[in-house]
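Reading the structure
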Amino acid sequence: MAQAPALAGLPPDVGGMNRVVAEVARINGVALNAPHELLDEEALRQRACTELLRQAAQQAGLLALDDVPGVEGAISAAASNAIEQLLDRELPIPDPSEEACRRYHDAHPAAHAHGERVQLRHVLFAVTPGVDVKLLRLRAEALLIELRCADDGGAKFAQAAAQWSNCPSGQQGGELGWLSRADCAPEFAREVFGSAEIGVLARLVHSRFGLHVVEVVARDPGQQPAFEEVRQAIALTLRQQAWVNALRQYLQLLAGAAVVEGVALDAADSPLVQ
């Protein structure tokens, strides 16, 4: 049996803050989980979206009607292939125009910079086994607001890092020094690099380590490549963004036409503008 395909663009609930469910959820009467199987909401939603696509592939004649989902969210290899064919057919994404690529390049001057560095400090609220993530997030959000309002040259940030941070850098006021993308976890780098923001970021940064209150002290943008050098990379980025949006809308239409039990899904009952 193949594992259910990951659906890009369906954002995970960071930090495991979903409630745990034990009830049996269903899509058009097909069970998504066993009665004894405990799943968080995101895992259940992932299974629901995969089942919507599996059933749509059957209705489109791309998958045998006797195909059934396996255990623990697995699907057959035939179903996985049929879903790929279905999405290729239902989500045709045109190549972005030259004008669209240039607009993106102008709006994101640091997105493809070479040698970009940032000078950072942070307060880490680590997510560890047994921690109450909801309370942890509330504490982190409260500190974020407090530090964004501070106007004391950074003294309060250093104090907060020493008091709250679960990173050894807390004893140095949260200082991480100058970092490149390669120095950071990818999910952290995506939130910090490629922009011009300076100061305490207006949002918590999520990583595999936990929740970060981040201050960008300084930026070195590195070398900015010419548009012609990154035209292909930009086109791929725009195509991926368009595909994610189209997939979201297609899943909403499928959910709107399905009988959905025990799982919360966005649904639409009419075609959406691509």
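Structure's up top.
To start, this report covers the structure provided alongside it. (Residues numbered from 1 in each chain as written. Predicted model: local features only at pLDDT ≥ 70, side-chain atom pairs only at ≥ 80, totals over all residues. Heavy atoms only, no water.)

1. Focus: the nonpolar core
Put simply, the rule reads: Remark: nonpolar core denotes a set of buried residues (Ala, Val, Leu, Ile, Met, Phe, Trp, Tyr, Cys) joined through side-chain atoms within 4.5 Å. Burial status follows relative accessibility: with a 1.4 Å probe on protein chains alone, a residue under 20% of its type maximum counts as buried, one over 50% as exposed, and anything between as partly exposed. Helix numbering and strand numbering both begin at the N terminus, where a helix is a DSSP run of H or I of at least 4 residues and a strand a DSSP run of E of at least 2. Note on contacts: a residue pair is in contact if any heavy atoms of the two residues lie within 4.5 Å.
Core analysis: the biggest nonpolar cluster contains 28 residues, and Leu-32, Leu-53, Leu-87, Tyr-250 and Leu-254 have the highest contact counts within it. If you list the elements that add at least two residues to this core, you get helix 1 (41-59), helix 2 (77-90) and helix 7 (227-256). For this core, the element with the most residues is helix 1, which contributes 7 residues. Sequence-distant contacts of Leu-87, defined by excluding residues within four places in its chain, comprise Leu-53, Trp-243, Leu-247 and Tyr-250.

2. Considering the pattern of salt bridges
Heads up, the condition is: By definition here, a salt bridge exists when the distance from a side-chain nitrogen of Lys or Arg to a carboxyl oxygen of Asp or Glu is within 4 Å.
Evaluated as defined, the whole model comprises 18 salt bridges. Of the charged contacts, one joins Arg-54 and Glu-51 as a salt bridge, the two residues approaching to 2.8 Å between their closest N and O atoms. Note that Arg-54 and Glu-51 are positioned in helix 1 at a spacing of 3 residues, about one turn of the helix. Both residues of the pair, Arg-54 and Glu-51, count as buried.

3. Some thoughts on the side chain of Ser-207
Our working rule: Polar contacts here mean pairs of N or O atoms no more than 3.5 Å apart (in protein, one a potential hydrogen donor and the other a potential acceptor; neighbouring residues in sequence count only if both atoms are side-chain atoms).
Secondary-structure assignment places Ser-207 in strand 8 (residues 205-207). Take Ser-207: its relative accessible area is 12%, and that puts it in the buried class. Side chain to side chain, Ser-207 and His-212 meet in a polar contact 2.7 Å long. Ignoring sequence-local partners within four residues, the contact set of Ser-207 consists of Glu-187, Phe-188 and His-212.

4. Let's talk about the packing of helix 2 against helix 7
What counts here: In this analysis an axis means a line fitted to C-alpha atoms, helices contributing only their contacting stretch, and an angle means the value between N-to-C directions, from 0 to 180 degrees. Orientation is classified from the angle alone, with under 35 degrees giving roughly parallel, over 145 giving roughly antiparallel, 65 to 115 giving roughly perpendicular, and any other angle giving oblique. Residues are grouped as follows: Ala, Val, Leu, Ile, Met, Phe, Trp, Tyr, Cys and Pro are nonpolar; Asp, Glu, Lys and Arg are charged; every other residue, Gly included, is polar.
At a minimum axis separation of 11 Å, helix 2 and helix 7 run at an interaxial angle of 105°. Judged by the inter-axis angle, helix 2 sits roughly perpendicular to helix 7. Contact residues: helix 2 offers Leu-86, Leu-87 and Glu-90, while helix 7 offers Trp-243, Leu-247 and Tyr-250. Counted by class, the contact of helix 2 with helix 7 contains 5 nonpolar, no polar and 1 charged residues.

5. A word on the environment of Tyr-250
With respect to the secondary-structure elements, Tyr-250 resides in helix 7. Note: C-alpha distance between Tyr-250 and Ala-267 (17 residues apart in sequence) is 9.4 Å. Those residues in contact with Tyr-250, other than ones at most four positions away along the chain, are Leu-53, Ala-56, Leu-86, Leu-87, Glu-90 and Leu-91.

6. Comments concerning the sheet that holds strand 10 (residues 260-261)
What holds strands together in a sheet is hydrogen bonding between their backbones, with the strands either parallel or antiparallel. To keep it simple, the criterion reads: Pairing between strands is defined by DSSP: at least two bridges between the two strands are required.
The 3 strands lie next to each other as 3-2-10, forming an open sheet whose pairing is antiparallel. With one partner strand each, in any of the chains shown, strand 3 (30-31) and strand 10 form the two edges of the open sheet. Note that strand 2 (residues 26-27) and strand 3 share 2 bridges and pair antiparallel. Its bridge partner lying in strand 3, Arg-26 is registered against Ala-31.

7. Brief notes about empty space enclosed by the protein
The cut-off we apply is this: The distinction between a cavity and a pocket rests on a 1 Å grid over the protein atoms alone: a 1.4 Å probe fits inside a cavity but cannot get out, while a pocket stays open yet meets protein on both sides within 12 Å along at least five of seven lines, and a residue with an atom within 4 Å of a point counts as lining. Grid points are joined across faces, edges and corners, and a volume is the space filled by probe spheres set on the points.
All told, the structure shown has 1 cavity of 30 Å³ or more when counted by the stated rule. Its volume calculated, the largest cavity comes out at about 40 Å³. His-105, His-108, Pro-109, His-112, Ala-113, Gln-224 and Pro-225 are the residues that line the largest cavity. A class-by-class count of the residues in the lining of the largest cavity yields 3 nonpolar, 4 polar and no charged.

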